[in-house]
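# A look at the structure
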4 protein chains.
Amino acid sequence: MKVFAIGDIVGRTGRRAVRELLPQIIKTEKVDFVIANAENAAGGFGLTEGVMEELLDYGIDILTMGNHTWDNKEIFDFIDESDKIIRPYNYPKGTPGVGIQTIEKDEFTLGVINLIGRVYIGNYLSPFRSLDKAIQELKEQVNAIIVDFHAEATAEKEALGWYSDGRVSVLVGTHTHIQTADDRILPEGTAYITDLGLTGAVNSILGMNIDEPLERFLTQMPNRFKVAKGDTKLSGLIIEIDDKTAKAISVKRIARVYTVD
Amino acid sequence: MKVFAIGDIVGRTGRRAVRELLPQIIKTEKVDFVIANAENAAGGFGLTEGVMEELLDYGIDILTMGNHTWDNKEIFDFIDESDKIIRPYNYPKGTPGVGIQTIEKDEFTLGVINLIGRVYIGNYLSPFRSLDKAIQELKEQVNAIIVDFHAEATAEKEALGWYSDGRVSVLVGTHTHIQTADDRILPEGTAYITDLGLTGAVNSILGMNIDEPLERFLTQMPNRFKVAKGDTKLSGLIIEIDDKTAKAISVKRIARVYTVD
Amino acid sequence: MKVFAIGDIVGRTGRRAVRELLPQIIKTEKVDFVIANAENAAGGFGLTEGVMEELLDYGIDILTMGNHTWDNKEIFDFIDESDKIIRPYNYPKGTPGVGIQTIEKDEFTLGVINLIGRVYIGNYLSPFRSLDKAIQELKEQVNAIIVDFHAEATAEKEALGWYSDGRVSVLVGTHTHIQTADDRILPEGTAYITDLGLTGAVNSILGMNIDEPLERFLTQMPNRFKVAKGDTKLSGLIIEIDDKTAKAISVKRIARVYTVD
Amino acid sequence: MKVFAIGDIVGRTGRRAVRELLPQIIKTEKVDFVIANAENAAGGFGLTEGVMEELLDYGIDILTMGNHTWDNKEIFDFIDESDKIIRPYNYPKGTPGVGIQTIEKDEFTLGVINLIGRVYIGNYLSPFRSLDKAIQELKEQVNAIIVDFHAEATAEKEALGWYSDGRVSVLVGTHTHIQTADDRILPEGTAYITDLGLTGAVNSILGMNIDEPLERFLTQMPNRFKVAKGDTKLSGLIIEIDDKTAKAISVKRIARVYTVD
Ligand SMILES: [Fe+2]
Ligand SMILES: [Fe+2]
Ligand SMILES: [Fe+2]
Ligand SMILES: [Fe+2]
Ligand SMILES: [Fe+2]
Ligand SMILES: [Fe+2]
Ligand SMILES: [Fe+2]
Ligand SMILES: [Fe+2]
């Protein structure tokens, strides 16, 4: 069973990378399930229903979110209706949406958990204890579990990776928009990478046009960021999971560029 | 001209990777200059004179530092004496040590600048404006400039990368202890990577023993971290610089493991 | 029924203010219960058993803690033995010590809750939802409830004040070491103050000797803080609670100086 | 010479307190100069030209700002035209507006400096070293200097207070919207208070309607804050300065409520 986990898709430029590159990757790599982080998919900030449907059309099965979940207010109209989108599971009780979904294909059921980090991000429930709870909730119903841990600090990400080892098939990081080169299979069989990286403009600051964030660093003044244009890349990790043991067998890092003429 | 920039060396385990792997890399890759981040080289926290000399003996030319510069108080005894160590240039006026050094080999002079980020780290001078000033100070005296930008936030690192493009030969990130997979040459000729990664224990949290930081995340209580043992890796980037134009010609990411029997 | 809540006691200088001024205040103001924040009572960092006993001897009934709870490792030896000390209730499950205590005097039972804020401090359980739970746990056993909310951000403190209004008799803030002038009784009968203020040296930075923190702001370098000496003050709030309704009837701010010859 | 320094004015409710209470205070207290923090004066976020003129009409001489300086984009239209408004002096070079103004009355010239803190706020120039520079710039032209230090952390505020002692006549804190009870004259003659407090709605969270910030603390979700209505207060400090020595002679804390029928 093969899962492709895609890193933060930023705006139209990121969606173009998905549209142009994903179908072929699914085919050549024989991917069974695709998940992607969509917190920046609509104009760089949040998600709309139209963008969600567009991304599902390209072949993504489940969309995960992060600290930008609520940036676009449209999300309140569909987050409780759709079973294709999850927001961090460790949000406080009463938060719209859910943090877990399952998908079934060929009698194999995959459980997907979205978690958010706390270091430098915000005051959520513990991602560590929430992972315990989510695994408990899922484990009777699914063949394998994959976690998108949306976090900033590398220590928090590695720590949750080790904490999850042997209990989930895959734990991938998102949020930093920079792919890390540390993809591996941990000793107990969990595939791990600190960050899947950016799906968006190659020449950018985290997918956004360079000038505005650079200006903000120089002046410390607020300004409006725009999604960068031009060549775009699709970043992520393909993980092969043993159907019987649910252990990861292999990982393959993906960072493919689609060049605009 | 070839420069090898090595990511944060963590403790004895990290130094072992340097000792066992660096000499051969220098030889086979024909490396001319070696710089390395040493802020965690002594027991995971700071640097001692003995450890500095040990690392210089292994073939490193210049040691850079970061937010752990002052962790080991011994540094005050030698930081003003040595011309092989630099601390962030954008520390306040009056700080011990310097933020720039030059090294000469075969009539080629390399200027090395150490900068520290501010996002999630601390209140230092602007790394952007300090970079301008440091380049101004160096540019008449050197053939090429290399910057170690010790920072947390990927946006700040990419922003300084773009800001430096065409004005320095190399800007490498350190501090996260996780190597990123985004090494490239920017359009105006500056070699860039968001983070060189960890030089230290393969099975660890950022080079430290797994149990203690994991326990801290679970309990939110203070405890003492220890350097992890076992298999160790050397991480970094080799950059080839054109002797005439000072532009980067090629980059090669290094992440080599030394296995303990 | 009268309660005197004392703000962060810093070191020997702070303890001297308690020793010299508290007995008389208890007498002239007819105080029934005394609580005090002791997170900085031992040398400015944490609490020892000796210091705890000293403070109880001076007439304090219950000691509360905060972000410095674990600064002095001695606390692990007695925190689970003593029923006179509480640490924040909203620490993760499994943390040593407890977050609630009760004291009885003249057939009136007071419940004391210690909570810690999250904004700019750390990743604890929600102080809001923890307050709900603590009240639930206490309300059948006590005549009145008093809360020490140890927090930094004024918004978080005022918000918890309004959230608690009518459900507890008193909510006092600690941690900033500066007394605020906003003591009042909220509309539903809860006495409130954003911060009780410093019990410690008058000429100091938050109770510590001026030179070292000032130097740290100037240089951004680590150094060791010392408890300031000289004239000392006792800061807090006296709250009169209606024995029948458990509503606060009056508040009186205390900031009394003891002058050293 | 008497100066009245007013704490953060929040929205229409805060402006009403100024309108209804300031003229009488100026008269009965014989106030010569009035400064006020206006960063929240327009709808709780930033300042407009209309609001600026309204406040100057009520008798304020100079308006200071803070972390909300740029919240209302209208400010870019008048900040460089007006000599009645200052933004933090320690913003990066090139920032619109200025950080110092002088006002003259009866042959006495007052210099006003606005500074912003860095702890928990942002990456600005050092308020400590910027104060040195601003004093240098001002001292030949003025009879007395008053500083509005807009900052969060009490340690940073007390530290700058001690650092300024004897070099300026007054250093007042703003930003926390809660008046502190620590007004005093430091040993070398500088009048000091950690925070002037809120000019705005009595029943509020920092001047804003209670429900929305409370909801945000409970849910961790974004929402829109509104200026609170009802009874309103004017908070600040009146400082008497010796005309000859420029030392503070007396301080009087003001927290006056205007009740709406
Ligand atoms: Fe993102
Ligand atoms: Fe994110
Ligand atoms: Fe490091
Ligand atoms: Fe570091
Ligand atoms: Fe504290
Ligand atoms: Fe304290
Ligand atoms: Fe404000
Ligand atoms: Fe502010």
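Residues numbered from 1 in each chain as written. Chains lettered and ligands numbered in written order. Predicted model: local features only at pLDDT ≥ 70, side-chain atom pairs only at ≥ 80, totals over all residues. Heavy atoms only, no water.

Residues and elements named next belong to chain C. The coordination sphere of the iron ion (ligand 6) contains the protein donors Asp8 (OD), Glu39 (OE), Asn40 (OD1) and His177 (NE2), at a distance range of 2.1 to 2.2 Å. Classification of the site at the iron ion (ligand 6) rests on its 4 donor atoms, whose angles at the metal span 91 to 164 degrees, yielding the label irregular. Along the chain, the residues donating to the iron ion (ligand 6) are arranged with the sequence spacing D-x30-E-N-x136-H. Taken as a pair, the iron ion (ligand 6) and the iron ion (ligand 5) lie 3.4 Å from each other and share Glu39 as a ligand. A residue pair is termed long-range when its members are at least 10 positions apart, and Glu39 in the loop between β2 (33-37) and α2 (49-57) and His177 in the loop between β8 (170-174) and β9 (184-185) qualify at 138 residues. (Donors = N, O, S within 2.8 Å, 3.2 Å for Na, K, Ca; no water. Tetrahedral: all angles 85-135°; square planar, octahedral: opposite > 155°, others 65-115°. Helix = DSSP H or I, 4+ residues; strand = E, 2+ residues; numbered from the N terminus.)

This part takes up the relation of the copies chain B and chain A. With an RMSD of 0.0 Å, the operation that places chain B on chain A is a rotation of 180 degrees combined with a shift of 0.0 Å along the axis. Look at the turn and shift together and you get a two-fold axis relating the two. Relative to the rotation axis, the closest C-alpha in chain B is found at Thr180 of chain B, a distance of 1.9 Å. The residues that chain B uses at the interface reappear at the interface of chain A in 100% of cases, marking a shared surface. (Least-squares fit on C-alpha atoms with pLDDT ≥ 70 in both. Contact = heavy atoms within 4.5 Å.)

All names here are of chain C. A positive phi is found at Tyr120, a non-glycine position, where the angle reads about 65 degrees. Tracing the sequence through the fold places Tyr120 in the loop between β6 (108-116) and α4 (127-138). For Tyr120, a relative accessible area of 38% corresponds to the partly exposed category. With a phi angle near 65 degrees, His177 is a residue other than glycine that sits in the positive phi range. (Buried < 20%, exposed > 50% of the residue type's maximum accessible area, 1.4 Å probe, protein only.)

Further remarks concern the pairing of strand β6 (residues 108-116) of chain A. Residue and element names in this part refer to chain A. Most of β6 sits out of view: 9 of its 9 residues are buried. Here β6 shows a buried face lined by Phe108, Leu110, Val112, Asn114 and Ile116 and a second buried face lined by Thr109, Gly111, Ile113 and Leu115. When strand β5 (residues 100-105) meets β6, the two strands line up antiparallel, connected through 6 bridges. Within the sheet, the bridge partner assigned to Thr102 lies in β6 and is Gly111. In textbook terms, the turn of a hairpin is the stretch between consecutive antiparallel strands, and for β5 and β6 this stretch comprises 2 residues, one of which, Asp106, has a positive phi near 50 degrees. (Pairing = 2+ DSSP bridges.)

Six octahedral donors around a metal ideally subtend angles of 90 or 180 degrees, whereas four tetrahedral donors ideally subtend 109.5 degrees. All names here are of chain A. Those donors, Glu39 (OE), Asn67 (OD1), His150 (NE2) and His175 (ND1), are the protein atoms that reach the iron ion (ligand 2), and they lie 2.1 to 2.2 Å from it. Relative to the metal, the 4 donor atoms surrounding the iron ion (ligand 2) lie at angles of 87 to 154 degrees, and the coordination shape comes out irregular. Counting along the primary sequence, the residues that act as donors to the iron ion (ligand 2) give the motif E-x27-N-x82-H-x24-H. Here the iron ion (ligand 2) and the iron ion (ligand 1) are spaced 3.4 Å apart, linked through Glu39, which binds each one. In this pair, Glu39 sits in the loop between β2 (33-37) and α2 (49-57) while His175 sits in the loop between β8 (170-174) and β9 (184-185), placing the two residues 136 residues apart along the sequence. Given a relative accessible area of 13%, His175 falls into the buried group.

Residue and element names in this part refer to chain A. Residues Glu49, Glu53, Asp57, Glu74, Asp77, Asp80 and Glu81 make up a contiguous surface patch of negative charge. At 3 residues, the largest contribution of residues to the negative patch is made by α2. Take Glu81: it is sitting in the loop between α3 (75-78) and β4 (85-86). (Patch = residues over 30% accessible without salt bridge, like charges linked within 9 Å, V, L, I, M, F, W, Y side chains within 5 Å. Areas by Shrake-Rupley, 256 points an atom, 1.4 Å probe, with all protein chains shown as cover. Salt bridge = Lys/Arg side-chain N within 4 Å of Asp/Glu carboxyl O. Lys, Arg positive; Asp, Glu negative; His and termini not counted. Charge placed at Lys NZ, Arg CZ, Asp CG, Glu CD.)

On to the pairing of β8 of chain A, then. Residue and element names in this part refer to chain A. Most of β8 is tucked away, with 5 of its 5 residues classed as buried. In β8, alternate side chains face the same way, and those of Val170, Val172 and Thr174 on one face and Leu171 and Gly173 on the other are all buried. Both strand β7 (residues 144-150) and β8 contribute to a ladder of 5 bridges, which runs parallel. Paired with Ile146 across the two strands is Val170, which belongs to β8. In this fold, β7 hands off to helix α5 (residues 154-164), which returns the chain to β8; that crossover is right-handed. (Right-handed = clockwise from strand over helix to strand, strands pointing away.)

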